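The primary structure of each chain is shown beneath.
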Amino acid sequence: MAKKVRFPLEMEDGVEVCGVEELREHFSLERVLAYIADGKMLTWLRDIR
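Now for a look at the structure at hand. (Residues numbered from 1 in each chain as written. Predicted model: local features only at pLDDT ≥ 70, side-chain atom pairs only at ≥ 80, totals over all residues. Heavy atoms only, no water.)

So, on to the overall build of the protein. Within the protein one finds three helices and two strands. Listed N to C, the secondary structure of the protein is β-β-α-α-α in terms of helices and strands. Each of the 49 residues in the protein was classed as buried or not, and the buried ones make up 22%. Pairs at least 24 apart in sequence give 47% of the contacts found in the protein among residues at least 6 apart. Summed over its atoms, the accessible surface of the protein is roughly 4,000 Å², and 55% of this surface lies on carbon and sulfur atoms. (Helix = DSSP H or I, 4+ residues; strand = E, 2+ residues; numbered from the N terminus. Buried < 20%, exposed > 50% of the residue type's maximum accessible area, 1.4 Å probe, protein only. Contact = heavy atoms within 4.5 Å. Areas by Shrake-Rupley, 256 points an atom, 1.4 Å probe, with all protein chains shown as cover.)

This is how it looks when you write it as structure tokens:
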């Protein structure tokens, strides 16, 4: 089985989030929309489960 590559999402002020709770705490709509547009959000969500 291939190893999943886990990566943090960078929010505003350089805060890196690695889980849903951190995403809630440091949510940036602009950054999340950019991650959705380039496909990184879907990959990130699949990898955190």
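Once that is clear, we can look at the nonpolar core. One finds Leu9, Met11, Val17, Leu23, Val32, Tyr35, Met41 and Trp44 forming the largest nonpolar core, which totals eight residues. At the level of elements, α2 (29–38) and α3 (40–47) are the ones that each hand at least two residues to this core. Excluding its chain neighbours within four sequence positions, the residues that come into contact with Val32 are Met11, Leu23, Phe27 and Met41. (Core = buried A, V, L, I, M, F, W, Y, C linked by side-chain atoms within 4.5 Å.)

Attention shifts here to unusual backbone geometry. Of note, Asp13 is a non-glycine position whose phi angle comes to about 60°, a positive value. With respect to the helices and strands, the residue Asp13 is situated in the loop between β1 (9–10) and β2 (16–17). Residue class for Asp13 comes out exposed when judged on its relative accessible area of 78%.

Turning our attention to the environment of Phe27. Structurally, Phe27 is set in the loop between α1 (20–25) and α2. According to the relative accessible area criterion, Phe27 is partly exposed, its value standing at 48%. Here the alpha-carbon distance between Phe27 and Glu10, two residues 17 residues apart in the chain, equals 10.0 Å. Setting aside residues up to four positions removed in sequence, Phe27 forms contacts with Met11 and Val32.

Worth remembering: the numbers are spatial, not functional.
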